[in-house]
Amino acid sequence: MGIGHFTVWDYVVFGAMLLVSAVIGVYYAFAGGGQQTSKDFLMGGRSMNALPVALSLTASFMSAVTVLGTPAEIYRFGAIFCIFAITYFLVVLISAEVFLPVFYRLGITSTYEYLELRFNKYLRLCGTILFIIQTILYTGIVIYAPALALNQVTGFDLWGAVVTTGVVCTFYCTLGGLKAVVWTDVFQVGIMVAGFSSVIIRAVVVQEGIGRILNDSYHGGRLNFWDFNPNPLQRHTFWTILIGGTFTWTGIYGVNQSQVQRYIACKTRFQAKLSLYINLLGLWAILVCAMFCGLAMYSIYHDCDPWTAKRVSAPDQLMPYLVLDILQDFPGVPGLFVASAYSGTLSTVSSSINALAAVTVEDLIKPYFSSLSEKKLAWISKGMSLFYGGVCIAMAALASLLGGLLQAALSIFGMVGGPLLGLFSLGILSPFANPIGAFVGLIGGFTVSLWVGIGAQIYPPLPERTMPLNLTTIGCDIGSPGTGSNWTATTEMPTLTTLVRLQGTERPVLADYWYSLSYLYFSTLGTLVTVLLGMMVSLLTGGIKQNIDRKFLLTKEDILSNFSFSKPKTNEKVEVLNWKPFTMAEEGTDNPVFNHIEMNVTENKEKVNGPHV
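### Focus on the overall build of the chain
Looking only at helices and strands, the chain features 23 helices and 2 strands. Every one of the 613 residues in the chain was classed for burial, and the buried ones make up 60%. Looking at the chain as shown, the accessible area adds up to about 23400 Å², and 68% of this sits on carbon and sulfur atoms.

### Digging into the side chain of Asn-354
Tracing the backbone through its elements, the reader meets Asn-354 in helix α14 (residues 333–365). Residue class for Asn-354 comes out buried when judged on its relative accessible area of 1%. Leaving out residues up to four positions away in the same chain, Asn-354 has contacts with Phe-41, Leu-42, Gly-177, Leu-178, Val-181 and Gln-261.

### A closer look at the packing of aromatic side chains
Counted according to the given criterion, the structure contains 21 aromatic pairs. Judged by centre distance (5.7 Å) and plane angle (90°), the rings of Phe-103 and Phe-424 are edge-to-face. Here Phe-103 is found in helix α5 (residues 84–106), whereas its partner Phe-424 is found in helix α16 (residues 405–429), with 321 residues between them in sequence. With relative accessibility at 0%, the residue Phe-103 sits in the buried group. Measuring from centroid to centroid gives 5.6 Å for Tyr-112 and Phe-131, while their planes differ by 40°, and the two rings are tilted. Highlighted residues: Tyr-112 in the loop between α5 and α6 (113–118) and Phe-131 in helix α7 (residues 121–153), separated in sequence by 19 residues. On the accessibility criterion, Tyr-112 (1% relative accessible area) is buried. A relative accessible area of 0% places Phe-131 in the buried class. An aromatic cluster of at least three residues, connected via ring pairs, comprises Phe-99, Phe-103, Tyr-112, Tyr-114, Phe-131 and Phe-424. Above the plane of the ring of Phe-77 lies Arg-235, whose end atom (NZ or CZ) is 4.3 Å from the centre.

### A closer look at the pattern of salt bridges
For the structure on display, the rule yields 10 salt bridges. Residue Lys-551 pairs with Asp-549 through a salt bridge whose shortest N-O separation is 3.7 Å. By relative accessible area, which is 39% here, Asp-549 ends up partly exposed. Taking the shortest distance from any N to any O, the salt bridge between Glu-557 and Arg-550 comes out at 3.1 Å. By relative accessible area, which is 26% here, Glu-557 ends up partly exposed. Owing to a relative accessible area of 43%, Arg-550 belongs among the partly exposed residues under this scheme. Overlapping salt bridges, with partners in common, bring together Arg-105, Arg-269 and Asp-558 in one network.

### What to know about unusual backbone geometry
In the Ramachandran plot, Glu-208 falls in the positive-phi region, its phi being about 60° despite a non-glycine side chain. On the basis of relative accessibility, which here comes to 67%, the residue Glu-208 falls in the exposed class. For Lys-310, which is not glycine, the phi dihedral falls at a positive 65°. Mapped onto the elements, Lys-310 comes out in the loop between α12 (269–301) and α13 (318–326).

### Considering the confidence of the model for the chain
Should the pLDDT be low somewhere, the predicted coordinates at that spot are not to be read in detail. Residues with a pLDDT of 70 or more make up 81% of the chain, whose mean pLDDT is 79. Long-range and interchain partners of residues 478–504, a stretch whose pLDDT sits below 50, account for 60 contacts in this model, where long-range means more than four residues apart. Confidence over residues 565–613 falls short of pLDDT 50; this stretch has 73 contacts with residues more than four positions distant or in other chains.

### Here we look at the environment of His-302
One can find His-302 in the loop between α12 and α13. Judged by its relative accessible area of 29%, His-302 falls in the partly exposed class. Between the C-alpha atoms of His-302 and Leu-471, which are 169 residues apart in sequence, the distance is 7.1 Å. Within polar-contact distance, the side chain of His-302 engages the backbone oxygen of Ser-299 at 2.7 Å.

### Notes on the nonpolar core
Across soluble globular proteins, nonpolar side chains show a tendency to be buried alongside one another. The biggest cluster of nonpolar side chains holds 152 residues, and the ones touching the most others in it are Phe-103, Tyr-114, Tyr-253 and Met-319. Beyond its immediate sequence surroundings of up to four residues, Phe-103 is in contact with Ile-108, Thr-111, Tyr-114, Gly-254, Val-255, Val-260, Ile-264, Phe-424 and Ile-428.

### Regarding the packing of helix α9 (residues 210–219) against α12
Running from amino to carboxyl end, α9 crosses α12 at an angle of 80°, the nearest separation of the two axes being 8 Å. Comparing the axis directions of α9 and α12 gives the class roughly perpendicular. Across from Ile-210, Arg-212, Ile-213, Leu-214, Asp-216 and Ser-217 in α9, the residues of α12 making contact are Phe-292, Leu-295, Ala-296, Tyr-298 and Ser-299.

Criteria and thresholds
- Residues numbered from 1 in each chain as written.
- Predicted model: local features only at pLDDT ≥ 70, side-chain atom pairs only at ≥ 80, totals over all residues.
- Heavy atoms only, no water.
- Helix = DSSP H or I, 4+ residues; strand = E, 2+ residues; numbered from the N terminus.
- Buried < 20%, exposed > 50% of the residue type's maximum accessible area, 1.4 Å probe, protein only.
- Areas by Shrake-Rupley, 256 points an atom, 1.4 Å probe, with all protein chains shown as cover.
- Contact = heavy atoms within 4.5 Å.
- Phe/Tyr/Trp six-rings, centres within 6.5 Å; stacked < 30°, edge-to-face > 60°.
- Lys NZ or Arg CZ within 6 Å of the ring centre and 35° of its normal.
- Salt bridge = Lys/Arg side-chain N within 4 Å of Asp/Glu carboxyl O.
- pLDDT = per-residue confidence, 0-100.
- Polar contact = N/O pair within 3.5 Å; in protein donor to acceptor, adjacent residues only side chain to side chain.
- Core = buried A, V, L, I, M, F, W, Y, C linked by side-chain atoms within 4.5 Å.
- Axes fitted to C-alpha atoms, helices over the stretch in contact; angles between N-to-C directions.
- Parallel < 35°, antiparallel > 145°, perpendicular 65-115°, else oblique.

Pasting the structure below:
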């Protein structure tokens, strides 16, 4: 029996999700007097609470890449992907305790302002440009993913879907700013959870219980949680996911503007940290949902793989295929799942557009046009949102040339995010790092990670490095393409790789060693080269002699403040009140982080969040 198809009710559900997202943007365009200043537009007036910000962070993480890519990943490679649960804990801990305290107390809007305060304006410019390139490339993938799945499985027009996503997203970003981004994310994360839940519940019913799903997964080798092989060339092992994954995702949560911009928009530092830790629960919940969808998919198709049987043309179409297969008797529910994939797209793209507008205004416009009023900056911010929305739609065309979506997305973050993470780590953790060392370290880290990353695209790792698990079509209907053949999937589809690869050439020695490095180590490599090279050059160029202001470094008090439950001492109040340098125009930080409640120490003693210095 063939799979189902989209009905009128599916289109209604999908359209309703887009409509509600657009309405939220319209509401925040006018609520509370509208977006009068660039601070209101880009930072929500620094008045956000922990819960909506946490849900927004979770929604951005749970993009269409997660909704479509992670279950397909588990279907093909097994549940070892779930080791990311440990990785997420380490990432949130490092982001909340190392990077957040420094960014929050400086009251910055763009994280790259920190690079000018700590080093110089040239490094700030380097960081900004790298972030813009990285984000536009990643956003292209995120827009293209659900559009491709819709086109192949439901017959939606591919570029019509791409443009619709981009236009709706750009619409509410441009009108409502950060508040619209956060509150649409809250709505969209509900849609995403509902979409995942509908698939899981129906799959359990179809397979007559969880026991059968787990039994099929066990006998198919999918419950491969532990693999302690230390070989860095293996795609996914305990160590590559734990170490490489931690570096990759810390580059996203710790220093990436899209994430940092939201949690430093919280009204207190406590709320900012709380948003990250609540978000951790969301990350775990998403991982469990994605894992169970992948195992259920394997249980249903363990003897008739749709990809091998040519019923879908790419692994990322497996989830939409499953949805239309098992939910065809429930009008509107397939539309709910497609809406959940699109919700992931909208949440991630809206965060990216808002972050791109923020770094452009703060790093490329304000420093050179200091006479602009706040009202003009607000209009410029909206114009930038509109501009980047169009750019991201155009970049979706590039994503059509890339391979497996999940790996491609993480590879981009690794190649560019790793050196940036190393640069910020140098500034925050190394008091003797100087501008020369930081610049040389950044160039070195970026060169190395780009070298290995591009090499891996041209010469993809061999199957013995990626270790795909066996898939078969032996149970398919007679006459189906590929019937009766056992087949092992490879990691890459025909992509940019095959276009670039030279015909008839043998693989060089580097291809089986250096270029076969796990894609999760791209970020690790870039970070470590940047930090080590930066420290060495700084020591050789007199970095040990410089005197760095402690406010730019992670201090002992930043960590101890988490354990201070008593009221602050008198001298601590004076330190908070005397933080004049943080608001001086020449330092580029005219957005003080402490609101009036925290600053009014004499009237609100109980609301000061312990020592901040």
